Amino acid sequence: MSIYHKIQTQTSFVPPEGWLQVQSIDMHTGGEPLRVIIGGLPKLEGNNILEYRQDMKNRHDSLRKALMWEPRGHADMYGCVLLPPNTDEADFGVLFIHNEGYSTMCGHAVIALTKLAVEMGWKEKTFPETHLRIDAPCGRIDSYARLDDHGKVTDCYFYCVPSFTLALNQEVQVKGIGNVPYDISYGGAFYAYVDADHLGISMAEENHNELIEKGRAIKHAVMEQVKVKHPFEEDLSFLYGTIFMGKPEDSSTANSRNVCIFADGEVDRSPTGSGVAGRMALHYAKGELSESESLTIESITGSQFKGSIKEVIPYGPYQNAVIPKVEGTAYITGMHTFLIDPDDPFKEGFLLR
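If you're wondering where the values come from, they're calculated on a predicted model, not measured in any experiment.

Cut-offs used in this document
Residues numbered from 1 in each chain as written. Predicted model: local features only at pLDDT ≥ 70, side-chain atom pairs only at ≥ 80, totals over all residues. Heavy atoms only, no water. Helix = DSSP H or I, 4+ residues; strand = E, 2+ residues; numbered from the N terminus. Rg over C-alpha atoms; globule rule 2.2 N^0.38 Å. Buried < 20%, exposed > 50% of the residue type's maximum accessible area, 1.4 Å probe, protein only. Contact = heavy atoms within 4.5 Å. Salt bridge = Lys/Arg side-chain N within 4 Å of Asp/Glu carboxyl O. Polar contact = N/O pair within 3.5 Å; in protein donor to acceptor, adjacent residues only side chain to side chain. Core = buried A, V, L, I, M, F, W, Y, C linked by side-chain atoms within 4.5 Å. Disulfide = S-S within 2.5 Å. Phe/Tyr/Trp six-rings, centres within 6.5 Å; stacked < 30°, edge-to-face > 60°. Lys, Arg positive; Asp, Glu negative; His and termini not counted. Pairing = 2+ DSSP bridges. Patch = residues over 30% accessible without salt bridge, like charges linked within 9 Å, V, L, I, M, F, W, Y side chains within 5 Å. Areas by Shrake-Rupley, 256 points an atom, 1.4 Å probe, with all protein chains shown as cover.

Asks: Which residues make up the overall build of the chain, and what values go with them?
Replies: Looking only at helices and strands, one finds seven helices and 18 strands in the chain. Here the chain has a C-alpha radius of gyration of 21 Å; the compact-globule value for 353 residues is 20 Å, and the two agree. Based on the C-alpha atoms only, the size of the chain along its principal axes is roughly 70 × 50 × 45 Å. For the chain, buried positions account for 54% of its 353 residues. Contacts spanning at least 24 positions in sequence make up 62% of the contacts within the chain whose residues lie at least 6 apart.

Dropping the structure here:
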């Protein structure tokens, strides 16, 4: 038997004893990847998502690196771990992971997971929409999958946690840029929002390196100037990234463009679900958006999310917080079993950027 014949007939590799096997379903939302970890991780200890997140940080952070970093991932990889919900009222819990650590909210992941739960049959279909309740680190997220007459998911939307503006019309000096006006808004995560057009920064795909460099610089300058604090939860009290805003490239279908630089210089390929949620709160606070209006926001890849406001509510010290609605769609790209050889010198991964 020739080697080529064996290649055609022997296509399964049996890992030796002691190798870790981790299963995932990979997806993307507007071009932004999502690696959904569905099996193989050690059981996390805790009674809620924030406790599970702390346990993952303390005992299993090497697995986050192994699954997000090279050679299994890359500097802009994103993933999530499915977990038990905080209460029986929810369908499941989720922990978000990326190149730097753990985020509090991820809208593109919620959209993808909503589609996946319905397509996989984890959630029984109801027509014309299927409702899921997801426990994220920032709180309970209600999401919905819209179905066509054949039961196929056409698109999804979610209602975010109460979102609010922390700081308006601030300025900071940033080395290499100069004076940067900014706002800080929360949509499940805190972002510094800046006007790219005002700063003369292009948000085109080919300018992603400059966006990373300047997004990082702005984030760190703002962090030195402002104490970011969530009104109820210390674990949510940090600045996640910088969001550049400006004119869309396709003004016939979009109102604005978002480019989000988050974690350790990651570039979001989607318009950023939590960033769009934060923008709803920001534009409402500035009197630029009413409850009856919506915004279509494009990303660096040209993909789009639609944002609007479900209702305005008091939330702690913020009397005009909003419940944002964010709409988009996602696609399944692969199924994987990742192997971790205990003798591999790069078993915990690495990053060149």
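Okay, back to it.
Asks: A description of the pattern of salt bridges should follow, citing residues and the corresponding values.
Replies: Under the criterion given, the structure shown has 18 salt bridges. Ionic pairing is found between Arg59 and Glu45, a salt bridge with its closest N-O pair at 3.9 Å. On the criterion of sequence distance, the pair formed by Arg59 in helix 2 (residues 49-59) and Glu45 in the loop between strand 2 (32-39) and helix 2 is long-range, its members being 14 residues apart. Residue Arg59 is classed as partly exposed on the basis of its relative accessible area of 42%. Overall, the relative accessible area of 52% leaves Glu45 in the exposed class. Salt-bridge contacts for Glu298 lead to Arg257; the nearest nitrogen and oxygen are separated by 2.9 Å. Placement of Glu298 in strand 15 (residues 294-298) and of Arg257 in strand 13 (residues 256-262) is noted, with a sequence separation of 41 residues between them.

Asks: Can you explain helix 2? Please cite residues and give values.
Replies: Residues lying three or four places apart along an α-helix face the same way, a consequence of the helix completing one turn every 3.6 residues. Buried within helix 2 we find Ile49, Leu50, Tyr52, Arg53, Asp55 and Met56. Residues of helix 2 that are buried sit in contact with helix 3 (61-68), strand 3 (78-83), strand 4 (92-98), strand 5 (102-103) and strand 6 (129-136). In this structure Asn48 caps helix 2, since a side-chain oxygen of it lies 3.2 Å from the backbone nitrogen of Leu50.

Asks: Could you give me a rundown of the nonpolar core, with the residues and numbers involved?
Replies: Phe96 and Phe244 are the most contacted members of the largest nonpolar core, which has 89 residues in total. Sort the elements by how many residues they give to this core and helix 4 (residues 107-119) lands first, with eight residues. Among the nonpolar cores identified, the runner-up in size contains 16 residues, and Val22, Ile37, Leu44 and Trp69 belong to it.

Asks: Give a detailed account of unusual backbone geometry, specifying residues and quantitative values.
Replies: A negative phi angle is the norm for most residues apart from glycine, just as the trans form is the norm for most peptide bonds. With an omega dihedral of 5°, the bond running from Glu70 to Pro71 counts as a cis peptide bond. Cis peptide bonds are those with omega within 30 degrees of zero, and the linkage from Phe127 to Pro128 qualifies with 0°. Assignment of secondary structure puts Pro128 in the loop between helix 4 and strand 6. Even without being glycine, Asn169 reaches a positive phi, approximately 55°. Its location among the elements puts Asn169 in strand 9 (residues 164-174). Phi angles above zero are rare outside glycine, and Ala263 is one such case at about 50°. Its location among the elements puts Ala263 in the loop between strand 13 and strand 14 (266-267).

Asks: Mind laying out the state of the cysteines, listing which residues take part and the relevant values?
Replies: According to the stated counting rule, one finds zero disulfides in the structure shown. Cysteine Cys156 is unpaired, with the sulfur of Cys106 as its nearest cysteine sulfur at 14 Å. Here Cys260 stays unpaired: no disulfide links it, and the sulfur of Cys106, its closest cysteine neighbor, is 9.7 Å away. Owing to a relative accessible area of 1%, Cys260 belongs among the buried residues under this scheme.

Asks: Can you lay out the packing of aromatic side chains for me, pointing to particular residues and giving the numbers?
Replies: Scanning all chains against the criterion turns up 16 aromatic pairs. When the centroid spacing of 4.1 Å and the interplanar angle of 15° are considered together, the rings of Phe164 and Tyr318 count as stacked. Taken as a pair, Phe164 in strand 9 and Tyr318 in strand 17 (residues 318-328) lie far apart in primary sequence, 154 residues in all. Of the two residues examined, Phe164 and Tyr318, each falls in the buried class.

Asks: Any details on the side chain of Glu32? Residues and values, ideally.
Replies: Its location among the elements puts Glu32 in strand 2. At 4.8 Å, Arg269 is the nearest oppositely charged side chain to Glu32, a buried residue that forms no salt bridge. Within the local environment of Glu32, its side chain forms a polar contact with the backbone nitrogen of Arg269, the two atoms lying 2.8 Å apart. Not counting residues up to four positions away in its chain, the partners in contact with Glu32 are Met27, Asp76, Tyr78, His108, Phe262, Val267, Asp268, Arg269 and Ser270.

Asks: Break down the pairing of strand 3 for me, citing the residues and quoting the values.
Replies: The two faces of a sheet get side chains in turn, since along a regular strand they alternate between them. In terms of residue burial, strand 3 counts as a mostly covered element, since five of its six residues are buried. Strand direction decides the pairing type here: strand 2 and strand 3, joined by three bridges, are parallel. Looking at the pairing, Arg35 lines up with Gly79 of strand 3. For strand 3 and strand 4, the ladder comprises six bridges, and the chain directions are antiparallel. When the bridges of strand 4 are listed, Leu83 appears paired with Gly93.

Asks: Run through a nonpolar patch on the surface, naming residues and quoting values.
Replies: On the surface, Ile3, Tyr4 and Ile7 cluster together into a nonpolar patch covering about 380 Å² of accessible area. Inspection of the secondary structure puts Tyr4 in helix 1 (residues 3-9).

By themselves, these are just geometric observations and shouldn't be taken as functional.
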